[in-house]
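So the chains spell out like this:
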Amino acid sequence: MFQKFLTFLLLFLSIYSNSENISGVVRDAQTGEMLIGANVFVKGNNSIGTTTGLDGSFVLKNIDQSKVTLVCSYISYKTIEKTFTVSKNQKISLDLVSYENELSDVVVIAANKTSDVSLRSVERLSSNILNIVGARSIEISPDLTVANVLGRISGVTLERNSSGEAEYAVLRGMDKRYNITLVNGVKISSPNNKQRYVPLNIFPSELLDRLEVSKTRNAEMEGDATGGAVNMVMKDAPGALSIRANASIGYNSMFFDRSFTGFDNSKVIPQSPYEQYGNAYSATMDDFGNGMYAPIQLQPLPNMIAGISIGNRLMNKKLGFIVAANYQNINKGTNSIFFKDEMLQTESTLRLTSIEEREYSENQIQYGLHAKLDYVFSKNHKLEWYNFLVANEVVQVRQTTSTNFKLFYDPAKGDLDLSYQTRMRTTNQQIFASTLQGEHTFDKLKLNWTFVYSQAGLQRPDQIYINLDNLRQDSVDNITIDGDGSIRQWEHNSDNDLSGIVKSEYNLYSNVGEFKFLAGGLFRSKHRENSFVKYTIKPIDTNQEFETIDQIKWKVGTPRASVGPLTFGASEIIGAGFLETQLNRQKWEFITGVRTEYTNQGYHMYYPNAGEPADRNQQYVDFLPNVQIKYTPTDKVNWRASYYRSLNRPGFYELVPYQVVEEEYTEYGNKDLRRSLNDNLDFRWEFFPKPLDQILIGAFFKSLAEPIEFAYFSVNQRQSGYGLQNLGKAQNLGFEIDFIKYIRVFGVKANYTYTNSAITTSKIYYGKDEFGNTKTYTKDQTRPLVGQASHVGNISLLFKDPNHGWDAQLAASYTGDKIVIVSRFLDSDYWEKASIQLDLSAEKNFKSGLSIFAKANNLLNTPKIEFLNTQNPYNNQFENQTAGNGETLIRREFFKQSFLVGIRYKL
């Protein structure tokens, strides 16, 4: 028996001692791109097979043949067979040819720029400093909107709204006003009723082919990209029939603990009486539905998300099209505490005056549509027509319980005044753009032209603020109606752009090197209309009995509407031209250019202040040079240096000479506000050891001349105010590191950015004069720029097992302390506390084209915390305040975890 076992063992060992391993990579034959998930197996023996990993590599073990034929297949590529003589530790390359590369010479299809390998190549070859996220990376990430995807990129911090959703991006410490948003390389209109910037949470990430963040500017780009440019490249027509669909459901865990508060949205009155009948009309309660509708407590339905895209190429591949749509219906909740404060003339730090407990319930319905047609006449001439529409409707109820502390608060006596407010509002936003582009090549000359019409709008019809009072904490049941009244309010905004862009490129080859000469121009006409209407509604009797809000009897307190400075018109004309020269010589690339921009910006006040003209405009011309140098010692290494000048124009509302009276001061608009001119330096070293791997180390410096910031200033000899001013100079510098590494089925993406900015502004404080009288003094104080966090980092741990069809990602984001609101008082700016957000996603793919996926967000239930960097001993007696830590809590908001599961189908 032992002899038989020994014979079997020797035979087994002899077989495996003669077997070898074969390792290698699978690549695109044309681009060299590593192909992830390609099938490789031994012909005639399917049991010996595998799929390529995240780095495009594969390993076949225990090959006991001297000669072997490998079969390699991949979607959209021709299957190949290749025979090898097996040798020890053999490494081979399998190059696949795409079906698209076999098309007629007349038809040229753009290379796929959505895979990670292609995007690393685009980053490496680009003249600008770029960071790109592709469609597949977006698809398997935990993120549903463009704003959240941006948060994974180095140097990006996010500004979140009251529902905890990321809405705007701060790039390299530069506030949202210093950045521009593009769709397919072109600016679009903004629905914001005061500013230029575009809310990024309105864009479903599913509609994108890729997301590009350019951190430097050449002459082709518009001049107001100080922080950077965010370019959303929408889905392109595929090379063959493609059908994709997905559907998912989920839930926000906030509503495991409490109900959802909504209201009957059908009762919202679209237009105010003022808008319907004119400014001479006196409104009655008949115009407001004879009362106020009441909020409703309910259990929300699950969140629902669905998407579909269909694309193909027809007519011998000359005509390409794609249509994509996305629908989201999501319920969100926020639990918040918020302290209000004031500065007493007898103290040097802020004293808390009340605490508000806020409960938000929000339903968001969002949809996006994208359609594109392109026609390729020949390899030299092509037309493209893009159209997209994104929109959302947000129905929100905010219920607030306010505890107002008396001036000399004594907890033992219960010296508290209670009040209650219910705010019900519907916010609708839309952005539409239609873009027609042409690309033409005439030997060495290339000509591109673009015409764009874009339209954006925001509507908040019939917002309701209902105020209730209770005079003492010990008489909670004794609720009265606020005699100052409640509010019905309408806000509308429209923004229309018409743009034309022309670019030309001429290539010249000489002994010096390859020259590229570029020239072009832009014309844009913008028109904006804003409307703001408010009515005060008062109770007939402040002590009337009621059980629900809709039982209260009301009267119109202001029959003639109040229309404020937000009712205005604005216009802007921009004309631009640029010249740029690029020289490629051996391992060097030199770019120099200049962009000239003419701006004519103005406004019209429908209800001007006394002594103020109704119309005003400002005109200026700016010359914006740029210089870029790139040195490529090997095909895996780049050294970059860049200089460019940029500008920051005032927002539309900022120029309107408005006056808004607050409790302690008056805020003023500034008709004399000027644009800011900014100089930018960038350096970056880039190393691409493998097609999917990268190490990027960069540094930047920005000098801002006359930046636009809030400050305390003298309005006239007798009056002081608070508002936007051009303030001296500011500086912003920092460095960033990007790291990506893949090893077979595992990968890691990480980045870190350090930013340090400084600006000096005037602040006020109270002090005693030589006679002992309290006086107001001003003092300059240096602080960081708004939204700038010193430390920002991201890390994502990736798992991809093509053999079993698994994708998974655990993503963490860290944002350090940052200023969110600038106070007019010394040492009293509002800061947002450092936070860590943890998200998770996973997907299981099946060979049928079907996959199931899951996403989980905010796993740590990270709160948003705002605080003051000072502490008044008086404030320590209140709940939620911590004595001795040198801080005063202002706001704390919790959003809870959200979960999503779904299916996806690809043909």
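Residues numbered from 1 in each chain as written. Predicted model: local features only at pLDDT ≥ 70, side-chain atom pairs only at ≥ 80, totals over all residues. Heavy atoms only, no water.

Time to look at the sheet that holds strand β5 (residues 67-73). Taken in spatial order, the four strands of this open sheet run β3-β2-β5-β6, and their pairing is antiparallel. The open sheet has two free edges, formed respectively by β3 (45-51) and β6 (80-85), since each of these has just one partner strand. Averaged over all neighbouring strand pairs, the angle between strand axes comes to 25 degrees, with direction disregarded. Relative to β5, strand β2 (residues 39-42) runs antiparallel, the two being bridged by four bridges. For V40, the partnering residue across the bridge sits in β5 and is C72. (Pairing = 2+ DSSP bridges. Helix = DSSP H or I, 4+ residues; strand = E, 2+ residues; numbered from the N terminus. Axes fitted to C-alpha atoms, helices over the stretch in contact; angles between N-to-C directions.)

Another point: the environment of D143. Residue position: D143 is located in the loop between α3 (135-139) and α4 (146-150). Overall, D143 belongs to the buried group, its relative accessible area being 5%. Between the alpha carbons of D143 and I852 there is a distance of 16 Å; along the sequence they are 709 residues apart. Within the local environment of D143, its side chain forms a polar contact with the side chain of R152, the two groups lying 2.9 Å apart. (Buried < 20%, exposed > 50% of the residue type's maximum accessible area, 1.4 Å probe, protein only. Polar contact = N/O pair within 3.5 Å; in protein donor to acceptor, adjacent residues only side chain to side chain.)

Turning our attention to the pairing of strand β11 (residues 179-183). The buried fraction of β11 is high, at five of five residues. Residues N179, T181 and V183 of β11 are buried on one face, and the alternating residues I180 and L182, pointing to the opposite face, are buried as well. Pairing between β11 and strand β14 (residues 228-234): five bridges, direction parallel. Residue pairing across strands places L182 opposite N231, the latter belonging to β14. Sheet analysis places β11 next to strand β12 (residues 186-187), joined by two bridges and oriented antiparallel. Note on β12: the bridge partner recorded for L182 is K187. Hairpin connection, β11 to β12: the antiparallel pair is bridged by two residues, and N184 has positive phi, about 55 degrees.

The strands making up a sheet associate through hydrogen bonds between their backbones, and the pairing can be parallel or antiparallel. The strand order across the open sheet formed by three strands is β4-β1-β7, and the pairing between neighbours is mixed. Looking at strand neighbours, the two that pair on one side only are β4 (57-63) and β7 (90-96), the edges of this open sheet. Across the sheet, the mean angle separating the axes of adjacent strands is 25 degrees when strand polarity is ignored. With seven bridges joining them, strand β1 (residues 20-28) and β7 adopt parallel strand pairing. In the strand pairing of β7, G24 is matched with I92.

For the structure shown, the criterion picks out 56 salt bridges. Across the pair E139 and R136 runs a salt bridge, and its minimum N-O distance is 2.3 Å. One end of the pair is E139 and the other is R136, both in helix α3 and three residues apart, which spans about a single turn. Classification of E139 by relative accessible area gives buried; the value is 19%. Salt-bridge contacts for D682 lead to R172; the nearest nitrogen and oxygen are separated by 2.3 Å. Residue D682 is located in strand β34 (residues 676-687), and its partner R172 is located in the loop between β10 (166-171) and β11; the two are separated by 510 residues in the primary sequence. Residues D682 and R172 agree in their burial class; the two are buried. (Salt bridge = Lys/Arg side-chain N within 4 Å of Asp/Glu carboxyl O.)

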